[in-house]
Amino acid sequence: MHSRRSHLTLFALIVAALVGVALLAAPGSPVQKKPTLGLDLQGGLEVVLQAVPPKGHKLTSDDLDRSVSIMRNRVDKLGVSEPEIRKQGSNQIVIELAGVHDPAKAAAIIGKTAQLELYDLETSVTGPSKGAGAGQIVAKTRLYDLLKPVEAKAKQGEPSTYYLFNAKKRLLAGPIGSKAAIEKIRAKKSGKTTLLAVPEHMVVITCDSVSSAVCPGLAAAPTPGQEYFYLFEHDTTGPNPVPQMTGSDLDLSGTRQDIDPNTSQPVVLMKFTSKGNKLFHEVTKAEAVRGRALGFAQHFAIVLDNQIRTWPQIDYTDPSLANGIDPTGSGAQITGLQSLQEAKDIALVLQTGALPVKFNTIERTDVSATLGKDSLSQAYKAAIGGLILVCLFLLLLYRFLGLVAVVGLAIYGAFLYAAILLFNVTLTLPGFAGMILTIGVAADANVVIFERVKEEYRAGKSVRAAIANGYAKGFHTIVDANVVTAITALVLFAVATAGVKGFALMLLIGTVISLITAVAATRAMLGLLAGFRWFDNPHFMGAHGTQKGRWLQIDFANRAKFWFAFSGIFLLIAAVSLGARGLNLGIDFKGGTQMTFATPKPTSLDLVRAQTARIGHSKDAVIQGRGTQTNGNFYKQFQVRTKHLEPAQQTALENDLKKAVNAQKFGVQSVSSSFGAQIARLAIVAIIVSLLLIVLYITMRFRAVGGYKFAIPVIVGMLHDVLITIGIYSLSGREVTQSTVAAILTVLGYSIYDNIIIFDRVRENVPLMRRAPFDEIVNVSLWETIRRSLATTFITLLPIGSLLFFGGDTLKDFAFALLIGITSGAYSSIFIASPLLSWWKQRDPEYARRRPTVAVGDGDVALARAEGAAAAQPAVQAVAHPVHATEEAISRSQAKRERRKQRRRARPHGRAR
């Protein structure tokens, strides 16, 4: 009665929690919450910036904190809802702007991280940028044409930066401040190359349609996608410093966008420090005097990160400006702006000032809103499909117990959704992959327990006793398996980049909740149902008759050489493939730019190649059609991978593709080669740390029966699974991405699930079969658990198959690696780890002298175990382990009676009393 009351109380608590979940999700509820979607599901921009401190300056945490604060001010003024800006590692900042409508514009604003500089334009341009006429400025469309005329001058003094060009005068590398560094890059390039430098005390300044509405030296607005180059003087140490002013001369408190009350036009108000007032007055006075002398307006250029943002003129015809602008009163203002938005953007640049250190963009991801919407739809389909498949499998395999498990899965889903809302978890595509995978994890816990319950029921126990014993014996197995999965999720979360953290977080949350629902929810339901007479029926649980499957009762332990040879052959093939072909590393590891897009109707792959060639990447670009191929080389989805493209080049390619093939649903990712190397290092660290932690945990949990001798076979099996997965990627030529690494790390934790099931049974059988050889103990343990091992593997592969079939590209990357790794994990737990454990332990003196007690293929697992126990203890004795005391007291005569009883047990039991 006490047990029934406790189950009823537990079930009431679960129902109360479900009511709370309903309130959280119900529209119009006072406590309603909505899930937060990541930028890959609603579109937006993600930028990873890496700090580059100047020489002699050690980067500090305060530098990053101040930079984060400045960037947050910039982003807040963009009007983006719920931006995420955070530090990553010791020198990086991640900015995620989900739902932003113009990613390119947002990136242009937040990415401008160098010193703000103000130049007297006409006197600062030099070399090829200074035209033949007075005050004339020349804009170059190619950087090579800007630097080639000053090549001789660059050899005098110390050049500021270096650039490397190919035979077609296209940029290969730069800007790089070290000649030795760029020479190393040059040595790796094939074909003719030209190295050009920027002369000492000069700097390259650029302008384009994104950074400025107008550019110096152009008669019309800048062409979209085209970048223009200028050479400026840059000497801050001489008597007449250039640039004439910097951002430190501005007083940010009074610098803002406004509306001129006289003209109702947008303006930008600038307020200066006392030093800035004097400098600005001197510069504008000189410009006014020159303007009157030459008869045309002079300008000062506002430059951020060596890019012209605006270049307002000084109206020399205005009598009040004859002696320049004296900003000591209300300050100065920039007028004649194209729009209110232009005024806001200029004010934003001026307001945020300079960052304490320079930042380089090492990764950038743009996702269009339409692509995000499609990805969300695909993720929902994959999740629903996986859930339906798992539910059908549970119902077919376990009948009424399966129905209880399905209800448990529904409770799991509700609790998982509540956790997402309560902890404000941002849902991303990788997060969806982790959530779908945990559907299999949640179902696996039920499989382990239900198989235990069926074993206990077949052994002659009542339903209530079978449920109690099944949960008691299965609990440790479930905890061990889930702890190992949680370890890998935690390691992955600790070292992963922003995109994969969502996968690790959802896997961790789902694992914890699945443990709660399997142990609490289904336990409470079964405990309540066990009190009804109609429930005491073997057909309800699929436990009627004896457990069949004699074909599975082979000598696993003593055929190790065959299993090892089979795996060795495949690993050899994989090694040859890796040596000959290597891995198809994606831009996550190699760096570069990857653009995905779709077309409304099938489009020729050759046409896409032709558009890519127009921006000079015909040789290094990899253009692939994705999805269903029609009419030869025609597709609706495409992926373009090239070396790193500058924002202007990305925009040019997008515009070309929109015009040529009506491209839409763009997704763009740019990764620097240094960031790719960092991801590779972190992946290796994560694998090593995961292996060490798992070894420590298993050694501790199995210390009573051998400790590390149980851990080492598990590690060998896991390495086997990882190598198999990598080998298949090499053989198939599939692209290796961050998603692949995350999936492989998950395989490390998940492939151990079957090992834990088998090894827990070995640990349980060791004290029962005290006279049996260890290979016999392993065989019997495998016979007893192989069905549930295969069932847990299959039930996990169901949602993974849904990911592979319904998911988008990112989800399919996860699914393929998981499919291979988990299948290999099921194989290695039975045919690698278990035989290796048997081979190792059988050589212990304790087991080497024992003789076989059970014949392989007997077909009766329960009897084999009983005879092993009888051989160990021919007389009835009490043992220290209370759970197995009855089993260890079985005599040979009792074993024979048990065999007859098993054969007769084809009809339902009567109620046990």
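Up top is the structure these notes are about.
Calculation rules
Residues numbered from 1 in each chain as written. Predicted model: local features only at pLDDT ≥ 70, side-chain atom pairs only at ≥ 80, totals over all residues. Heavy atoms only, no water. Helix = DSSP H or I, 4+ residues; strand = E, 2+ residues; numbered from the N terminus. Buried < 20%, exposed > 50% of the residue type's maximum accessible area, 1.4 Å probe, protein only. Contact = heavy atoms within 4.5 Å. Areas by Shrake-Rupley, 256 points an atom, 1.4 Å probe, with all protein chains shown as cover. 1 Å grid on protein atoms, 1.4 Å probe; cavity = no way out; pocket = protein on both sides within 12 Å on 5 of 7 lines; lining within 4 Å. Points joined across faces, edges and corners; volume = space filled by probe spheres on them. Axes fitted to C-alpha atoms, helices over the stretch in contact; angles between N-to-C directions. Left-handed = near helix turned anticlockwise from the far one by under 90°. Expected span 1.5 Å × (residues − 1). Arc of directions from axis to C-beta. Nonpolar A, V, L, I, M, F, W, Y, C, P; charged D, E, K, R; others polar. Pairing = 2+ DSSP bridges. Salt bridge = Lys/Arg side-chain N within 4 Å of Asp/Glu carboxyl O. Patch = residues over 30% accessible without salt bridge, like charges linked within 9 Å, V, L, I, M, F, W, Y side chains within 5 Å. Disulfide = S-S within 2.5 Å.

### A few points about the overall build of the chain
Part 1 of the argument: Counting its secondary structure elements, the chain contains 30 helices and 25 strands.
Part 2 of the argument: Here the chain, with 913 residues, has 54% of them falling under the buried criterion.
Part 3 of the argument: The contacts of the chain with a sequence gap of at least 6 include a subset with a gap of at least 24, amounting to 76%.
Part 4 of the argument: Within the structure as shown, the chain displays about 39600 Å² of accessible surface, and the carbon and sulfur contribution to it stands at 58%.

### With respect to empty space enclosed by the protein
Part 1 of the argument: Applying the stated criterion to the full structure yields five cavities of 30 Å³ or more.
Part 2 of the argument: In this model, the second largest cavity occupies a volume close to 50 Å³.
Part 3 of the argument: Taken together, Val448, Arg452, Lys473, Gly474, Thr477, Ile757, Asp760, Arg761, Thr785 and Arg788 make up the lining of the second largest cavity.
Part 4 of the argument: Of all the elements in the fold, those that place two or more residues in the lining of the second largest cavity are α13 (429-458), α14 (463-495), α24 (752-765) and α25 (774-806).

### Re the packing of α14 against α24
Part 1 of the argument: Where α14 meets α24, the closest approach of the two axes is 9 Å, and the angle between their N-to-C directions is 145°. The hand of the α14/α24 crossing is right-handed. Here Lys473, His476, Thr477, Asp480, Ala481, Asn482 and Val484 of α14 come into contact with α24, specifically with Ile752, Tyr753, Ile756, Ile757, Asp760, Arg763 and Glu764.

### Notes on helix α9 (residues 274-294)
Part 1 of the argument: Relative to the 30 Å expected for 21 residues at 1.5 Å per residue, α9 spans 31 Å between its end C-alpha atoms, a close match to the ideal helical length.
Part 2 of the argument: For α9, the set of buried residues is Gly276, Asn277, Phe280, Val283, Thr284, Glu287, Ala288 and Gly291. Looking straight down α9, one finds that the buried residues subtend no more than 140° of arc, so they occupy a single side. Facing away from the buried side of α9 by more than 90 degrees, the exposed set consists of Ser274, Lys275, Lys278 and Ala293.

### Considerations on the packing of α24 against α25
Part 1 of the argument: Orientation of α24 relative to α25, taken along the N-to-C sense of each, is 145°, at an axis distance of 8 Å. Considering only the axes of α24 and α25, their crossing is right-handed. Contacts from Asp754, Ile757, Ile758, Arg761, Val762 and Asn765 of α24 reach α25 at Phe774, Ile777, Val778, Val780, Ser781, Leu782, Glu784, Thr785, Arg788, Ser789, Thr792 and Thr793.
Part 2 of the argument: In the contact of α24 with α25, the residues fall into eight nonpolar, six polar and four charged.

### Quick notes on the pairing of strand β24 (residues 664-671)
Part 1 of the argument: Of all the eight residues making up β24, six are buried; the element is thus mostly covered by neighbouring parts of the structure.
Part 2 of the argument: Pairing of strand β18 (residues 358-367) with β24 involves five bridges; the strand directions are antiparallel. The residue of β24 that forms the bridge with Thr365 is Gln669.
Part 3 of the argument: Looking at chain direction, strand β21 (residues 592-604) and β24 are connected through six bridges and run antiparallel.

### Describing the pairing of strand β6 (residues 161-166)
Part 1 of the argument: For β6 and strand β8 (residues 193-198), the ladder comprises six bridges, and the chain directions are antiparallel. The residue of β8 that forms the bridge with Thr161 is Val198.
Part 2 of the argument: Between the antiparallel neighbours β6 and strand β7 (residues 171-176) lie four residues, among them Lys169 with a positive phi of about 65°.

### So, the pattern of salt bridges
Part 1 of the argument: All told, the structure shown has eight salt bridges when counted by the stated rule.
Part 2 of the argument: Between Glu183 and Arg186 there is a salt bridge, and its shortest N-O distance comes to 3.9 Å. Linking Glu183 with Arg186, this pair stays in helix α8 (residues 179-188), spanning three residues, or about one helical turn.
Part 3 of the argument: You can call Glu183 partly exposed: its relative accessible area is 30%.
Part 4 of the argument: Note that Glu764 is salt-bridged to Arg452, the shortest N-O span being 2.4 Å.

### As for the sheet that holds β24
Part 1 of the argument: Spatial strand order, β3-β4-β2-β18-β24-β21-β23-β22: eight strands in an open sheet with antiparallel pairing. Two strands bound the open sheet, and with one partner strand each, they are β3 (84-88) and β22 (622-626). Neighbour-to-neighbour, the strand axes of the sheet open up by a mean angle of 20°, direction not taken into account.
Part 2 of the argument: As defined by bridge partners, β21 adjoins strand β23 (residues 634-642) across eight bridges and the pair is classed as antiparallel.

### As for a nonpolar patch on the surface
Part 1 of the argument: A contiguous nonpolar patch, built from Tyr380, Ile384, Ile388, Leu392, Leu395, Leu403 and Val407 and spanning about 610 Å² of accessible area, is present on the exposed surface.
Part 2 of the argument: For the nonpolar patch, the elements supplying multiple residues, two or more each, are α11 (369-398) and α12 (400-422).
Part 3 of the argument: Ranked by the residues each element gives to the nonpolar patch, the list is headed by α11, at five residues.
Part 4 of the argument: Among the secondary structure elements, Ile388 is positioned in helix α11.
Part 5 of the argument: Using a relative accessible area of 46% as the deciding quantity, one classes Ile388 as partly exposed.

### Here's the deal with the sheet that holds strand β17 (residues 332-334)
Part 1 of the argument: Strand order in the open sheet formed by three strands is β12-β13-β17, and the pairing between neighbours is antiparallel. The open sheet has two free edges, formed respectively by β12 (256-259) and β17, since each of these has just one partner strand. Looking at each pair of strands side by side, their axes are set apart by 40° on average, direction ignored.
Part 2 of the argument: Here β12 pairs with strand β13 (residues 266-270) via four bridges, running antiparallel. Opposite Arg256, over in β13, you have Leu269 as the bridge partner.

### Some points on the environment of Ala521
Part 1 of the argument: Position of Ala521 among the secondary structure elements: in helix α15 (residues 498-529).
Part 2 of the argument: A C-alpha to C-alpha distance of 9.7 Å links Ala521 and Leu13, two positions 508 residues apart in sequence.
Part 3 of the argument: For Ala521, the residues in contact, after removing those within four places along its chain, are Ile14, Ile411 and Ile516.

### Quick notes on the side chain of Asp760
Part 1 of the argument: Mapped onto the elements, Asp760 comes out in helix α24.
Part 2 of the argument: When neighbours within four sequence positions are excluded, Asp760 is seen to be in contact with His476, Thr477, Asp480 and Phe702.

### Digging into helix α22 (residues 708-732)
Part 1 of the argument: For α22, which comprises 25 residues, the first-to-last C-alpha distance of 36 Å matches the rise-based estimate of 36 Å (1.5 Å per residue) to within 8%.
Part 2 of the argument: Directly beyond the C-terminal end of α22, a positive phi value near 75° is found at Gly733.

### Section: the state of the cysteines
Part 1 of the argument: Evaluation of the coordinates by the stated rule reveals one disulfide.
Part 2 of the argument: Between Cys207 and Cys215 runs a disulfide, and the two sulfur atoms are separated by 2.1 Å. Sign of the S-S torsion, about -85° for the bond between Cys207 and Cys215, identifies this disulfide as left-handed. Note on accessibility: Cys207 and Cys215 belong to one class, buried.

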